[in-house]
Amino acid sequence: MTTPKIVKNATGDHGLSEKGLKAGSVGLIGAVVIGISCIAPAYTLTAALGPTVSEVGVHLPAIFLVGFIPMLLVALGYRELNNAMPDAGTSFTWVTRAFGPWLGWMGGWGLIAATIIVLSNLAAVAVDFFYLMLAQIFSNPSLADLTRVLPLNIATTLVFIAGACWISYRGMETTKAFQYILVAFQLLVLGWFAIAAFAHVANGTAFDATVISADWFNPFAVGSFSQFAAGVSLSIFIFWGWDVTLTMNEETKNPEKTPGRAATVTVVVIVIIYMVVSLATLSFAGIGTTGLGAGNPENQGSIFAVLAGPVMGPFAILMSLAILSSSAASLQSTFVSPARTLLSMGHYKALPGSFSKISPTHKSPSYATIAAAIAAAGFYIITRTLSENALWDTITALGMMICFYYGVTALACVWYFRAEAFHGVRNFLFKWLAPLIGGVILLVMFFKTAYDSMDPSYGSGSNIGGLGLVFILGIGVILLGAVLMLIMNWRHPEFFRGQVLSRTSQVYNP
């Protein structure tokens, strides 16, 4: 019997090319640390726990697990695509190879738009907790209110963005060293919070001690499908960011294996962190809508800002520092994805060639990193000046873009490997079934979220002409991408004709 052989494409190679990034600068542990940092568990949990509890109550753990499933399935598909085509462009490159340049360009745009928007949000959160930290250190509550002074807020936000850009510009080794410290600190504080909360429950000093029940893990016990969908949409957002490990694939050791393994490990580690902390929070505070209850609307902006004092006592300032470090670390590590996607799009002539420039000293995407910083800063200034609701509603609309580009990339895996999908159990499970289910779930969530967000009451409740602002912003960003794509087609038609990055698939040779 002959051993089956998989040929990369008709010419026997990837059809891809290196871009000048520093190879071998990140190992498995470093990639996982950067992946965890990009997800920012301390920041994400403090912002997402309250809104998710308001939708699904004590079934928060079940919803987190349901949100974890499509993420894991999609991560498996990403891993297979990376094994076959390790390229810093990830979604852009892989969707182009599977479905052609038009959908590939939009896949890349979805990733870039989502990360640029969240960069501005992360900087804003870092600024809020920076002034809160100053208020706690100097025992002067009025210092926390400085974040509401618009000129000072914008100036401080720009300083945070510039600092994160500078670290990213210096390459992966500087990024890695920065992340080790901040990620370790936030995980230590989250662990401290969880242990302290459970200790209060055991000692009878919890606010609303609630016994953990098996029913909390049952997603079918959620009241309605709309509540279920809203909860899943929120839980998908909290897992977003693991794919940063794939965008580093040209800079990792063993680029065909390490990034995919790092993505899978990152998702698993994050779900463990989320489950422990969410169970501790529910056990200590309950889901009541008054006082310290996790269902209290007044606590939803930052649940840890409310609970840190009662749970951690005089060490509550550590939680503020953890959320500050979490948002700052994520701000810096999130630069990795858009910079390398922009680099790849410039390299393959889907964007102007200037985006393909590499720093000769640091071997990092020089022009693309600075462009991402300028875009994030500009987006923040415009939205924050016009309306705070517009800023937060755009963050809510992120769910649509995340589901779109993750879903399309997962289906690109299914289509790219179609010739070999039914040759062996492993191929069937990891190259076909897992990404198919994950991709379909996310695209269903994309259309469901788009439909629900048309309601004027969705998000902040703002609307234009009876259409919800979340829908207008989400679809508007996607349509902006389509317009830019048409302009690029006019300026750089060779990419869109398939002359630079050709559409192809695996060829199975028994």
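Residues numbered from 1 in each chain as written. Predicted model: local features only at pLDDT ≥ 70, side-chain atom pairs only at ≥ 80, totals over all residues. Heavy atoms only, no water.

J.: Looking at this structure, I do not really get the packing of helix 11 (residues 303–312) against helix 12 (residues 317–334). What am I missing?
T.: The geometry of a pair of packed helices is captured by two quantities: the angle between their axes and the separation between those axes. Look at helix 11 against helix 12: their axes get within 8 Å of each other, and the N-to-C directions meet at 145 degrees. The segment helix 11 lies against helix 12, with Phe 304, Ala 308 and Met 312 engaging Leu 318, Met 319 and Ile 323. Of the residues belonging to the contact of helix 11 with helix 12, the class tally is 6 nonpolar, no polar and no charged. (Axes fitted to C-alpha atoms, helices over the stretch in contact; angles between N-to-C directions. Helix = DSSP H or I, 4+ residues; strand = E, 2+ residues; numbered from the N terminus. Contact = heavy atoms within 4.5 Å. Nonpolar A, V, L, I, M, F, W, Y, C, P; charged D, E, K, R; others polar.)

J.: Even after reading the chapter, I still don't get helix 10 (residues 258–285), so can you show me in this structure?
T.: What sets the pattern is the α-helix's 3.6 residues per turn: residues three or four places apart point alike. In this model helix 10 runs 40 Å from its N-terminal to its C-terminal C-alpha over 28 residues, within 8% of the 40 Å that 1.5 Å per residue would give. The buried count for helix 10 comes to 22 of 28 residues, which makes it a mostly enclosed element. Looking one or two residues beyond helix 10, the residue adopting positive phi is Gly 286, at roughly 70 degrees. (Expected span 1.5 Å × (residues − 1). Buried < 20%, exposed > 50% of the residue type's maximum accessible area, 1.4 Å probe, protein only.)

J.: Is there a simple way to think about the confidence of the model for the protein chain in this case?
T.: Low pLDDT marks stretches whose predicted atomic positions should not be read closely. In this model, the protein chain carries an average pLDDT of 85, and 93% of its residues clear a pLDDT of 70 or more. Averaged over each element, pLDDT in the protein chain is lowest for strand 1 (residues 5–7) (33) and highest for helix 4 (residues 91–99) (94). Every residue in residues 1–14 is under pLDDT 50, and counting partners more than four places away or in other chains gives 35 contacts. (pLDDT = per-residue confidence, 0-100.)

J.: Just checking my understanding: could you explain the packing of aromatic side chains for this structure?
T.: The relative placement of two aromatic rings is captured by the distance of their centres and the angle of their planes. Applying the stated criterion to the full structure yields 24 aromatic pairs. On the numbers, 5.9 Å between centres and 85 degrees between planes, the contact of Tyr 78 with Tyr 406 is edge-to-face. Here Tyr 78 is found in helix 3 (residues 60–84), whereas its partner Tyr 406 is found in helix 15 (residues 388–416), with 328 residues between them in sequence. Classification of Tyr 78 as buried rests on a relative accessible area of 1%. The class for Tyr 406 is buried, based on a relative accessible area of 0%. For the ring pair Phe 130 and Tyr 131, a centre distance of 5.2 Å and an interplane angle of 70 degrees mean the geometry is edge-to-face. Connected via pairs of aromatic rings, a cluster forms that spans Tyr 78, Trp 94, Trp 242, Tyr 405 and Tyr 406. Just above the ring of Phe 430 sits the side chain of Arg 79; from NZ or CZ to the centre is 5.0 Å. Positioned above the aromatic ring of Trp 415, the side-chain terminus of Arg 418 is 4.0 Å from the ring centre. (Phe/Tyr/Trp six-rings, centres within 6.5 Å; stacked < 30°, edge-to-face > 60°. Lys NZ or Arg CZ within 6 Å of the ring centre and 35° of its normal.)

J.: Quick question: what am I supposed to make of the state of the cysteines here?
T.: Structurally, a disulfide amounts to a covalent bond that connects the sulfur atoms of two cysteines. Counting across every chain of the model gives 0 disulfides. The closest cysteine sulfur to the non-disulfide-bonded Cys 413 is located on Cys 403, 18 Å from its own sulfur. By relative accessible area, Cys 413 is classed as buried at 0%. (Disulfide = S-S within 2.5 Å.)

J.: Any chance you could explain the packing of helix 2 (residues 41–56) against helix 12 here in plain terms?
T.: Here helix 2 crosses helix 12 at 110 degrees, and the two axes come no closer than 7 Å. With respect to each other, helix 2 and helix 12 are oriented roughly perpendicular. Across the interface between the two elements, Pro 41, Ala 42, Tyr 43 and Thr 46 of helix 2 pack against Ala 322, Ile 323, Ser 326 and Ser 327 of helix 12. Taken together, the residues of the contact of helix 2 with helix 12 sort by class into 5 nonpolar, 3 polar and no charged. (Parallel < 35°, antiparallel > 145°, perpendicular 65-115°, else oblique.)

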